[in-house]
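The chain contents come next:
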Amino acid sequence: MYNFSTKFKTIVLMSFFFIAKNAQAQSSIVNKQHNYWLSLGLGKAEFPSAMVALGFEPKHRSAIIIARYSVSGEIAQPVEPGIKINELGILYGIKLGKFRFSTGLSTVWGNERGIYLYTDLDPLWGTGANYQYLGYTTVGIPGEIRFITSAKHVGIGITAFGNLNEHRSFIGVNLALYVGKMKSTGLPSD
């Protein structure tokens, strides 16, 4: 007598066989290696900014892991100290076609101006005001959206980025050059 339990086991076994066979066929055309890249970008946040980022994209997944360092600050100001913002963070996100969406945790540090101290007459810059130096360090929540178009080993992209923190939150955009293993053809030689 053929009972429900045997019928269920047969269906599960046949389904498993079908899924395994289908997955094996698809895996032969899917990326067989991890993708990784290094990007160097220049742009504008509150002040001119620069960013270095290292990305890792695991094989068979749409996940990404990004480590980034960004710096933004005043350039050639007659006022001392110049305002500067540094950020070092690790972000996790997803890859959807040419877009990468990610967020994570970071440390943010830099310097601000405190109270006015004195004015220094400088023949090159004119009048230069000097303020109290105030340094800070805080924890932030970085986020970014990257659009990358690339060949196999080089690419170019635009990154909209920001950081939410208790001292000096910021947003910005940059244009970046990418090098690394940007994409695979799916062939075993990749």
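Just so we're clear, the structure is a prediction, and the values are computed from it rather than from any experiment.

1. Quick notes on the overall build of the chain
Here's step 1: In terms of helices and strands, the chain carries one helix and eight strands.
Here's step 2: Along its sequence from the N terminus, the chain presents helices and strands in the succession α-β-β-β-β-β-β-β-β.
Here's step 3: Looking at the chain as a whole, 34% of its 190 residues qualify as buried.
Here's step 4: For the chain, contacts bridging at least 24 residues in sequence account for 54% of all contacts bridging at least 6.
Here's step 5: Here the chain displays about 11,700 Å² of accessible surface, and carbon together with sulfur accounts for 70% of that area.

2. What to know about the pairing of strand β2 (residues 48-57)
Here's step 1: Going residue by residue along β2, you find Ser-49, Met-51, Ala-53, Gly-55 and Glu-57 tucked away on one face and Pro-48, Ala-50, Val-52, Leu-54 and Phe-56 left uncovered on the opposite face.
Here's step 2: Bridge count for strand β1 (residues 35-44) against β2 is 10 bridges, and the pairing is antiparallel. From the neighbouring strand, Leu-40 faces β2, where its bridge partner is Val-52.
Here's step 3: Here β1 folds back onto β2 in antiparallel fashion, the turn holding three residues.
Here's step 4: The pairing of β2 with strand β3 (residues 63-73) spans eight bridges and is antiparallel. Directly across from Val-52, in β3, lies its bridge partner Tyr-69.
Here's step 5: Hairpin remark: β2 followed by β3, antiparallel, with five residues in the connecting loop; positive phi at His-60, about 60°.

3. Some remarks on the nonpolar core
Here's step 1: Of all hydrophobic cores here, the largest spans nine residues; its members are Trp-37, Ala-53, Ile-64, Ile-66, Leu-91, Ile-148, Ala-176, Tyr-178 and Met-182.
Here's step 2: Secondary-structure elements contributing two or more residues to this core are β3 and β8 (170-181).
Here's step 3: If we ignore the near neighbours within four places in the chain, the residues touching Ala-176 are Ser-39, Leu-40, Gly-41, Gly-155, Ile-156 and Gly-157.
Here's step 4: The next biggest cluster of nonpolar side chains, apart from the first, holds seven residues, and it includes Met-51, Ile-85, Val-108 and Phe-161.

4. Things to note about the pairing of strand β7 (residues 154-165)
Here's step 1: Judged from the 10 bridges that link them, β7 and β8 form a sheet pairing that is antiparallel. Note that in β8 the partner of Asn-163 across the bridge is Phe-170.
Here's step 2: Joining the antiparallel neighbours β7 and β8 is a turn of four residues.

5. Re the side chain of Ser-39
Here's step 1: Note on placement: Ser-39 falls in strand β1.
Here's step 2: Residue classification places Ser-39 among the buried residues on the basis of a relative accessible area of 1%.
Here's step 3: Among residues more than four places away in sequence, those in contact with Ser-39 are Met-51, Val-52, Ala-53, Arg-146, Ala-176, Leu-177 and Tyr-178.

6. Topic: the confidence of the model for the chain
Here's step 1: Confidence in the prediction for the chain averages 82 pLDDT; 76% of positions are at 70 or higher.
Here's step 2: Within the chain, helix α1 (residues 4-27) has the poorest average pLDDT of any element, 49, and β7 the best, 96.
Here's step 3: Predicted confidence for residues 22-31 stays below pLDDT 50, and this span has nine contacts to residues more than four positions away or in other chains.

So, how was this worked out
Residues numbered from 1 in each chain as written. Predicted model: local features only at pLDDT ≥ 70, side-chain atom pairs only at ≥ 80, totals over all residues. Heavy atoms only, no water. Helix = DSSP H or I, 4+ residues; strand = E, 2+ residues; numbered from the N terminus. Buried < 20%, exposed > 50% of the residue type's maximum accessible area, 1.4 Å probe, protein only. Contact = heavy atoms within 4.5 Å. Areas by Shrake-Rupley, 256 points an atom, 1.4 Å probe, with all protein chains shown as cover. Pairing = 2+ DSSP bridges. Core = buried A, V, L, I, M, F, W, Y, C linked by side-chain atoms within 4.5 Å. pLDDT = per-residue confidence, 0-100.

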